[in-house]
Amino acid sequence: MLNGKKILLCVTGGIAVYKVCALTSKLTQKGADVKVIMSESAMEFVNPLTFKALSKNEVYTDTFDEKDPKVIAHIDLADWADLILVAPATANVIGKIANGIADNMIITTLLAATSDVWIAPAMNVHMYDHPAVIKNINTLHDYGYRFINPGEGYLACGYVGKGRLEEPEMIVQHMEDYFSNNNKDKILTGTTVLVTAGPTREKIDPVRFISNHSSGKMGYSIAKKAMAYGADVILISGPTNLTPPKGAQVISVESAEEMYNAVMTYREEADIIIKTAAVSDYKPTIVYDHKVKKQSGPETIEFTRTQDILSELGKRKEQQILIGFAAETQNMAEYAMDKLKRKNADMIVANNVNRQDSGFGTDTNLVTMYKRDGTSIELPLLSKDEVAEKILEQAMQMKEAVQK
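Here the structure is a predicted model, which is why all the values come from computation and not from measurement. (Residues numbered from 1 in each chain as written. Predicted model: local features only at pLDDT ≥ 70, side-chain atom pairs only at ≥ 80, totals over all residues. Heavy atoms only, no water.)

1. Concerning the packing of helix H4 (residues 91-99) against helix H7 (residues 131-143)
Operational definition: Here an axis means a line fitted to C-alpha atoms, over the contact stretch when the element is a helix, while the angle between two N-to-C directions is reported on a 0 to 180 degree scale. Only runs of H or I of at least four residues qualify as helices and only runs of E of at least two qualify as strands under DSSP, and these elements are numbered from the N terminus. Note on terminology: angles under 35 degrees are roughly parallel, angles over 145 are roughly antiparallel, angles of 65 to 115 are roughly perpendicular, and the others are oblique. The sense of a crossing depends on the near helix, which, turned anticlockwise from the far helix by less than a right angle, makes the crossing left-handed and, turned clockwise, makes it right-handed. We call two residues in contact when some of their heavy atoms are within 4.5 Å. Amino acid classes used here: Ala, Val, Leu, Ile, Met, Phe, Trp, Tyr, Cys and Pro are nonpolar; Asp, Glu, Lys and Arg are charged; the rest, including Gly, are polar.
At a minimum axis distance of 9 Å, the contact between H4 and H7 shows a crossing angle of 50°. In terms of their interaxial angle, H4 and H7 are classed as oblique. The handedness of the crossing between H4 and H7 comes out as left-handed. Facing Ala91, Ile94, Gly95, Ile97, Ala98 and Asn99 of H4, the residues of H7 in contact are Val133, Asn136, Ile137, Thr139, Leu140 and Tyr143. For the contact of H4 with H7, the class distribution of residues is eight nonpolar, four polar and no charged.

The structure is reproduced here in structure tokens:
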């Protein structure tokens, strides 16, 4: 899958540079055409000659060192690449990319890139957990960058924890999977996919509401991947801070009732419906016109059930593929299979939201897909983009089975 693929490696200054040397060698052996840009700090660890020998290509180190007068190097490299990988990605470079600080050749190239960009962080465990780094990583996720999450183990600084650059063999495997998927990247052409995403908000008064911790990331990942697969996408989204994928038809809603009405309006247009939204099961029975003032003693709010969107879709389903989500804290398999049957869904994607690395607000998910035929597919911990790929592949297989 890598033969003839043009891969641009952006190498920044960390001890894990030595792993990128091995990665360059493995990619070249697989037939990839590899070019390398190195930051100044990266050259403190490895001489550019090493990458030149391994890649059989010139190595770029300076925005103003134009090796070919016919082109502007950082623009030419951005246009040339089929895939760009920043590895090892330090806290410094992640912050600069997130904030558009183009003070070296790597950042100027990335800002001009139109191909997919992957980030492979490597740093001290405490740096990786710093709020500024987390914020910058989330920003890049929202921009559409994909992350190869670091592993856990002994770090060069002496700590043991998360921060090790992923092993070259695994990065190569990720790239092979990526290009394999791109060979079938139009498998959903002619298909309309309706995705619900994010939380809902149920008003108590003009300044208060009840909601949940859903960030919308899973639904937006599915919408983005469905677009990449050639689908027409209808994204019905509760309040989030995410940027919708370009080209998707976006319907913004706030309450469970608004989401219900939007889904019922567009459901007949959809061939596949994937309901990731965390819709409130209850809403306040009374919504006050004015702010409720604080009073002495306890306050009681009466709630009323909201309409069950997935159940209603199941009742009205004909040839559509219907996929729901189940965020569980216990008895995941039992509850997911029960939900699958009660809601007349074709598949339920269940995840344990008790885990810190899975569920609301995280960039990864650990899910099991439960299907109507009684089988289940347990996935390892993956990025939400990777989970989206697996869900859509299953949806397409089910759609094809219905059409036969």
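2. Some thoughts on the side chain of Lys371
The test is simple: For every residue, the accessible area (1.4 Å probe, protein chains only) is compared with the maximum for its type, and the residue is labelled buried under 20%, exposed over 50%, or partly exposed between those bounds. Neither His nor the chain ends is counted toward charge; the positive residues are Lys and Arg and the negative residues Asp and Glu. Every case where a carboxyl oxygen of Asp or Glu lies within 4 Å of a side-chain nitrogen of Lys or Arg is listed as a salt bridge. Contacts described as polar in this section are N or O atom pairs within 3.5 Å, which, within protein, must combine one atom able to donate a hydrogen with one able to accept it, while residues neighboring in sequence count only if both atoms come from side chains.
Relative to the helices and strands, Lys371 resides in strand E20 (residues 367-371). Comment: no salt bridge for buried Lys371; closest opposite-charge side chain is Asp373, at 4.7 Å. Here the side chain of Lys371 touches Gln394 through a polar contact of 2.9 Å, side chain to side chain. Apart from residues lying up to four places away in sequence, Lys371 is in contact with Met337, Leu340, Asp346, Met347, Ile377 and Gln394.

3. Structural notes on the sheet that holds strand E14 (residues 272-275)
What links the strands of a sheet is backbone hydrogen bonding, and the strands pair in either a parallel or an antiparallel sense. So the rule is basically this: Strands were regarded as paired on the criterion that DSSP finds at least two bridges between them.
Taken in spatial order, the eight strands make up an open sheet running E13-E12-E9-E14-E17-E18-E20-E21, and their pairing is mixed. Looking at strand neighbours, the two that pair on one side only are strand E13 (249-252) and strand E21 (376-378), the edges of this open sheet. Taken pair by pair, the neighbouring strands of this sheet meet at an average axis angle of 15°, ignoring direction. In this fold helix H11 (residues 309-316) packs onto E14, strand E17 (321-328) and strand E18 (347-352), with an angle of close to 155° to the strand it touches most, E17.

4. Considerations on the confidence of the model for the chain
Put simply, the rule reads: A score from 0 to 100, pLDDT tells how confident the predictor is in each residue.
Averaged over all residues, the pLDDT of the chain is 90; the fraction at 70 or higher stands at 95%. Per-residue pLDDT, averaged within each element of the chain, yields its smallest value for strand E7 (residues 151-154) (69) and its largest for E14 (98).

5. With respect to helix H9 (residues 217-228)
So the rule is basically this: An expected span of 1.5 Å times one less than the residue number is assigned to each helix.
Compared with the 16 Å implied by 1.5 Å per residue over twelve residues, the 16 Å span of H9 between its first and last C-alpha is a close match. In terms of residue burial, H9 counts as a mostly covered element, since ten of its twelve residues are buried. Looking at H9, one finds that the buried residues are Lys217, Met218, Gly219, Tyr220, Ser221, Ile222, Ala223, Lys225, Ala226 and Met227. Positive backbone phi, approximately 95°, marks Gly230, located one or two places after H9.

6. Looking at the UniProt feature "binding site: CTP" (unreviewed entry) in the chain
Filter applied, for reference: UniProt positions are given in the numbering used here, feature names are shortened, and annotations may be inferred rather than shown by experiment. In this analysis the probe radius is 1.4 Å and the grid spacing 1 Å, with only protein atoms considered; a cavity is a set of points the probe fits into but cannot get out of, a pocket is an open set with protein on both sides within 12 Å along at least five of seven lines, and lining residues have an atom within 4 Å of a point.
Those places that UniProt annotates as "binding site: CTP" (unreviewed entry) correspond, in this numbering, to Asp281, Lys291, Phe325, Lys339 and Lys343. Taken together, the annotated residues stretch across 63 residues and extend over separate regions, lying up to 37.7 Å apart by C-alpha. Narrowing the list just given to those that line the second largest pocket leaves Asp281, Phe325, Lys339 and Lys343. Among the secondary structure elements, Lys291 is positioned in the loop between strand E15 (282-284) and strand E16 (303-305). For Lys291, the residues in contact, after removing those within four places along its chain, are Asp205, Pro206, Val207 and Arg208. Checked against the element boundaries, Lys343 lands in the loop between helix H12 (332-342) and E18. In this view, Lys343 contacts Asp308, Leu310, Ser311, Gly314 and Leu322; residues no more than four positions away in its chain are not counted.

7. Remarks on the sheet that holds strand E2 (residues 33-38)
Pairing is parallel in the open sheet, where six strands are placed in the order E3-E2-E1-E4-E5-E6. A single partner strand is all that each edge strand has here, and the edge strands are strand E3 (59-60) and strand E6 (146-147). Its contacts with the sheet put H4 on strand E4 (83-89) and strand E5 (116-121), and the angle it makes with E4 is roughly 135°.

8. Section: the side chain of Arg146
Structurally, the position occupied by Arg146 is in strand E6. If we skip the residues at most four places from it in the chain, Arg146 touches Val117, Trp118, Ile119, His174, Tyr178, Asp385, Glu386 and Glu389.

9. Details of the domain arrangement of the chain
What counts is decided by this rule: Reported domain spans reflect what an automatic or database domain assignment gives. The term buried area denotes the loss of accessible surface (1.4 Å probe radius) that occurs when two parts are joined, taken as the sum for both partners.
What the domain assignment lists for the chain is domain 1 (6-183) and domain 2 (192-403). With nine residues of domain 1 in contact, the opposing surface of domain 2 contributes twelve residues. Summing both partners gives a buried area of about 870 Å² for domain 1 against domain 2, and 35% of it is carried by carbon and sulfur. Taken together, domain 1 and domain 2 are joined by two salt bridges. Arg146 serves as the salt-bridge partner of Glu386, at 2.9 Å between the closest nitrogen and oxygen.

10. Considering the pattern of salt bridges
Taken as a whole and judged by the stated rule, the model has 19 salt bridges. When the shortest N-O distance is used, the salt bridge between Glu167 and Arg164 registers 3.4 Å. Its salt-bridge partner being Lys343, residue Asp308 comes within 3.0 Å of it at the nearest N-O pair. Note that Asp308 is positioned in the loop between E16 and H11 and Lys343 in the loop between H12 and E18, a separation of 35 residues in sequence. A relative accessible area of 9% places Lys343 in the buried class.

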